[in-house]
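One letter stands for each residue in the lines below.
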Amino acid sequence: MNILYKSEPERGRIWAGLLAELAPEANFRQWPDVGEAAEIDYLVAWQPPEDLSAFTGLKALFSVGAGAEQFDYAALPADLPVVRMIEPGLTSGMVEYVTFAVLGLHRDMPRYLQQQQEKKWLAHSALPAAKRRIGMMGVGTLGEAVLQPLVQLGFDCAGWSRTPKHISGVTSFVGEAQLDDFLTRSDILICLLPLTGATEGILNADLFNRLPRGASLVQVGRGKQLNHQHLLNALESGQLAAAVVDVTSPEPLPADHPFWQHPAIWLTPHIASQAQPESALTALLENIRRCERGEPMHGVVERERGY
Ligand code: NAP
Ligand code: GLV
């Protein structure tokens, strides 16, 4: 079986070494060392080669990340399975990051860090977790995993998705019809939605105005979901108190962008979670074996719904 890898060379080197142990039958090629394109069975990439016409034997295209919105689907064969990355290392990273962000917001850390700058020793009353309402937009692989520790910590948790969820300790809200009810009870709103036609620009003034006054945002989905100016306006007016932003459009932000210096914004460079080489390779090989056996793979993108 021939695998072509086209992404960060460092991970490629790690994978090449691990594959010799984990799947000696696999022939691993790293872009641009394609060899005979027609021999490639599996392509693993963030961005595939522009012209795939010579890859006549391709059985699947795997994204190296959880997102698969970056592909130009019109340029891909209609029947080629496109598979996003689901692997425990990536999930754990997101659980850590969002738990950290929620606790930081819950315990008023942006305000206390600002006070530290001002050498101001001033305590504010703290809400117990049970009185803090968390709203998770997107209750998929990552959203559901992140909700587990938040429920454990005693937060009042809800999720919003396209289809109903049954998760202990989490109230499920579904679709546009229940978005308003979901937002009005979200003191800390987390976005873990995929980027699709329906979610592009979703974090905007209209949505912020439906949150309780003084709510906070954790944006870990995709940059194009957030309207930057609307977030700045909401922080300025006090409608929002603070935001933790890991993804922006563009990435990186220009040097003069107001997010860099904003006291109520914690900005990180799209590092909330990353696939870990070892566990990602194990997940990839499991999917390849499933494909070889004619079994359904984990994380196949449903093209018509966009994720
Ligand atoms: P997933 O398993 O596909 O889950 C997506 C969730 O979003 C599902 O619950 C889905 O609802 C819901 N959803 C999609 N469109 C919706 C809509 N229009 N209205 C309401 N709900 C909608 O994806 P995942 O693996 O959890 O990953 C989510 C996203 O996280 C990725 O696409 C990526 O953008 C982002 N991400 C960011 C980082 C980072 O470092 N910042 C890292 C990894 C991933 P249903 O369950 O009803 O289908
Ligand atoms: C990172 O953002 C990913 O999609 O894995």
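The structure under discussion appears in the preceding block.
Counting restarts for each chain: residues are numbered from 1 in the order of the written sequence. The order in which chains are written sets their letters, starting at A; the order in which ligands are written sets their numbers, starting at 1. Predicted model: local features are reported for residues with pLDDT of at least 70 only, side-chain atom pairs are reported and counted for 80 or more only, and whole-chain, interface and lining totals are derived from all residues. The side-chain values count all of the structure's non-hydrogen atoms but skip hydrogen atoms and water molecules.

Now for the nonpolar core. For this analysis, a nonpolar core means a set of buried residues of the types Ala, Val, Leu, Ile, Met, Phe, Trp, Tyr and Cys, connected via side-chain atoms within 4.5 Å. Burial status follows relative accessibility: with a 1.4 Å probe on protein chains alone, a residue under 20% of its type maximum counts as buried, one over 50% as exposed, and anything between as partly exposed. Ranked by internal contacts, the top residues of the largest apolar core, which has 53 residues, are Phe62, Ile190 and Val220. Put simply, DSSP H or I for four residues or longer makes a helix, DSSP E for two residues or longer makes a strand, and each gets a number counted from the N terminus. In terms of residue count, the dominant contributor to this core is helix H2 (residues 88-106) (eight residues). Those domain boundaries reflect an automatic or database domain assignment. Counting contributing residues, this core receives three or more from each of domain 1 (2-87 + 275-292) and domain 2 (88-267). Contact criterion: two residues are considered in contact whenever any of their non-hydrogen atoms come within 4.5 Å of each other. Not counting residues up to four positions away in its chain, the partners in contact with Ile190 are Val98, Val102, Ile134, Gly135, Met136, Met137, Leu150, Val218 and Val220. Within the second largest apolar cluster, 29 residues are counted, among which are Met137, Ala234, Leu240 and Val245.

Below, the discussion takes up the packing of aromatic side chains. Pairing of aromatic rings covers Phe, Tyr and Trp, the last counted by its six-membered ring, and requires centre-to-centre distances within 6.5 Å; plane angles under 30 degrees mean stacked, over 60 mean edge-to-face, and any other angle means tilted. As enumerated under the stated definition, the model contains eight aromatic pairs in all. With a centroid separation of 6.5 Å and an interplanar angle of 25°, the aromatic rings of Trp160 and Phe182 are classed as stacked. Of the two residues, Trp160 is situated in strand E7 (residues 156-161) and Phe182 in helix H5 (residues 179-183); the sequence distance between them amounts to 22 residues. On the basis of relative accessible area, Phe182 is assigned to the buried category, the value being 0%. What links up through ring pairs into an aromatic cluster is the set Tyr5, Trp15 and Phe28. Lysine NZ or arginine CZ positioned within 6 Å of the ring centre and within 35 degrees of the ring normal marks a charge as sitting over the ring. If you follow Lys6 out to its NZ or CZ, it ends over the ring of Trp31, 5.4 Å from the centre. It is Arg305 that lies over the ring of Tyr307; its NZ or CZ is 3.9 Å from the centre.

Taken together, Gly65, Ala66, Gly67, Leu90, Arg222 and His270 make up the full set of residues adjacent to ligand 2. Whenever two N or O atoms come within 3.5 Å, that pair is a polar contact, provided that in protein one can donate a hydrogen and the other can accept it, and provided that, for residues adjacent in sequence, both atoms are side-chain atoms. A distance of 2.7 Å separates an oxygen atom of ligand 2 from a polar atom in the backbone of Ala66. Between an oxygen atom of ligand 2 and a side-chain N or O atom of Arg222, the distance comes to 2.6 Å. Using a 1.4 Å probe, the Shrake-Rupley method yields the accessible areas, and only the shown protein chains count as cover for residues. Protein coverage of the free-state accessible area of ligand 2, which is 190 Å², stands at 83%. Among the residues making up the shell around ligand 2, the classes are represented as two nonpolar, three polar and one charged. Being near a molecule or strand, for a residue, comes down to having at least one heavy atom within 4 Å of it. When residue character is reported, Ala, Val, Leu, Ile, Met, Phe, Trp, Tyr, Cys and Pro are called nonpolar, Asp, Glu, Lys and Arg charged, and the others, Gly included, polar.

Before going further, it helps to examine the site of ligand 1. The local shell around ligand 1 holds 29 residues, among which Leu142, Thr163, Lys165, Asp246 and Tyr307 are the closest. A distance of 3.1 Å separates an oxygen atom of ligand 1 from a polar backbone atom of Gly140. Residue Arg222 places a side-chain N or O atom 3.5 Å away from an oxygen atom belonging to ligand 1. For ligand 1, whose accessible area on its own is 940 Å², the fraction buried by protein is 94%. Its residues assigned to classes, the shell around ligand 1 shows 14 nonpolar, nine polar and six charged.

The next thing to look at is the pairing of E7. Along E7, five of the six residues are buried, which leaves the element largely enclosed by surrounding structure. Two strands pair if DSSP finds at least two bridges between them. Where strand E6 (residues 133-137) lies against E7, five bridges are found, and the strand directions are parallel. What sits directly across from Met136, in E7, is Gly159. The sheet contact formed by E7 and strand E8 (residues 170-174) spans five bridges and is parallel. Looking at E8, one finds that Trp160 is bridged to Phe173.

Note that all results are geometric; they support no functional claim without further evidence.
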